[in-house]
Amino acid sequence: MFSSILQDVCDRQMASKDMRAVQFEVGGPEKLFIGKVPIPSLREKEILIRVVATAVNRADLLQRMGNYPVPPGASDILGLEAAGVVEKLGPDCTRGWTPGDKVMALLAGGGYAEFVASHEDHIMPVPKGLSFEEAASIPEAWLTSYQLLHKIGQIQREETVLIHAGASGVGLAAVQLARLANATVFVTAGSEEKIKKAIELGAKEGFNYKQEDFSEKILQITEGRGVNVILDCVGASYWEKNVKSIAIDGCWILFGLLGGSKVNGDLLKQLLAKRVRLEGTTLRSRSVQYKAELVKEFSKTCLPHLTKSGALKTVVNKVFSFEKVDDAHHYMTSNQNIGKIVIQVQAREASEREEL
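Residues numbered from 1 in each chain as written. Predicted model: local features only at pLDDT ≥ 70, side-chain atom pairs only at ≥ 80, totals over all residues. Heavy atoms only, no water.

A. Examining the pattern of salt bridges more closely. Counting across every chain of the model gives 15 salt bridges. Among the ionic pairs, E323 bridges to R20, the shortest N-O distance being 3.1 Å. With E323 in the loop between β14 (316–321) and α11 (325–333) and R20 in strand β1 (residues 18–24), the pair connects residues that are 303 residues apart, well separated along the chain. Residue R95 is joined to D121 by a salt bridge in which the shortest nitrogen-to-oxygen separation is 2.6 Å. (Salt bridge = Lys/Arg side-chain N within 4 Å of Asp/Glu carboxyl O. Helix = DSSP H or I, 4+ residues; strand = E, 2+ residues; numbered from the N terminus.)

This is the structure:
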């Protein structure tokens, strides 16, 4: 009976062409509020998804504070990933999705809303046995990690990788993907609890950056060689330790600036001496085609392992209701989370776990 009532509500929303969505004024989490906005119109090859759950990413916090411009053509509503049910197909869709399919999507924006439009090639099926909450935690974190390790880092068997913020959503996904590639994984994190979780999921060792110099530990463990790949979301405050930690001909991938962007020192000289490849990357602003290829590769090689009984585990740390989105942002700001922070947009369906 509940499902029919929910469908009636959705039908009325579609008829009114309005939906609830999180909006904000530039500032802190207290500037977030829920308002009414038009349901997205569908462009060529786009699909309308009735959102059940979405997840919080650092980019959402930056955008809320006015520090992350929205890519051209993207929704200015927060939210880079969502899970829900296909509601409607736009013009020229050919991938076989049908209304009622349970899906999750990588987005350039728009996830904090009752409906979102996604390109059909950026959509994946909800893995077998996972809830909508768990599915919502997958697209941004896991596709980012896959991009960092495989498309950019080109990680190989028996190589070593150092992952900063190793207990974040991206960090825990990267730990598992590196392990799946038979690489040796080291992480940094800010508590023993976070390190324990990373080790549980496949890291060989973790270093509490508040208590020790991770570069000294890396050099000790690797007998002076350093690591082949560094996944760095910190930036300036770690540059000297990263230079010490990386191996000759290593790949240092910068995908965040939590520790600042301004560097003073002989960074270039040291990179040159070690023949290090330093590459900066983001995912949100990438082309439709790039994201489509990324989703296709990930879906083929990794998604089969993300089922309830599979080798890969998505980690949901805490779930907030749609009305408590400000609390979700406060929680991420506090850096307490181990894994992903999820927002239930439609709470009843998000809590129902179905075998697919």
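Having put the structure on the table, let's press on.
B. Region of interest: the packing of helix α4 (residues 139–152) against helix α10 (residues 288–301). Packing of α4 against α10 brings their axes to within 10 Å, and their N-to-C directions diverge by 90°. One way to sum up the angle between α4 and α10 is to call them roughly perpendicular. Contacts between α4 and α10 involve W142, L143, Y146, Q147 and K151 from the former and Y290, L294, V295, E297, F298 and T301 from the latter. Of the residues that constitute the contact of α4 with α10, the class distribution is seven nonpolar, two polar and two charged. (Axes fitted to C-alpha atoms, helices over the stretch in contact; angles between N-to-C directions. Parallel < 35°, antiparallel > 145°, perpendicular 65-115°, else oblique. Contact = heavy atoms within 4.5 Å. Nonpolar A, V, L, I, M, F, W, Y, C, P; charged D, E, K, R; others polar.)

C. The arrangement of the packing of α4 against helix α5 (residues 169–180) in detail. The geometry of α4 relative to α5 is characterised by a closest axis approach of 8 Å and an angle of 50° between their N-to-C directions. Here α4 lies oblique to α5, going by the angle between them. When you trace α4 past α5, the crossing you get is right-handed. Facing α4, whose interface residues are A141, W142, T144, S145, Y146, L148, L149 and H150, α5 presents G169, V170, A173, A174, Q176, L177 and A178. Of the residues contributing to the contact of α4 with α5, the split by class is ten nonpolar, five polar and no charged. (Left-handed = near helix turned anticlockwise from the far one by under 90°.)

D. Inspection of the sheet that holds strand β11 (residues 227–232) at higher detail. In space, the six strands of this open sheet follow the order β10-β9-β8-β11-β12-β13, with parallel pairing throughout. Since the sheet does not close on itself, it has two edges, and those belong to β10 (205–208) and β13 (277–280), each with one partner. For this sheet, the mean angle separating the axes of adjacent strands, direction not counted, is 15°. Two elements, strand β9 (residues 184–189) and β10, share four bridges in a ladder whose sense is parallel. By the bridge assignment for β10, V187 is matched with G206. Together, β8 (160–163), β9, β10 and β11 form the strand contacts of helix α7 (residues 214–221), whose direction differs from that of β10 by roughly 155°. (Pairing = 2+ DSSP bridges.)

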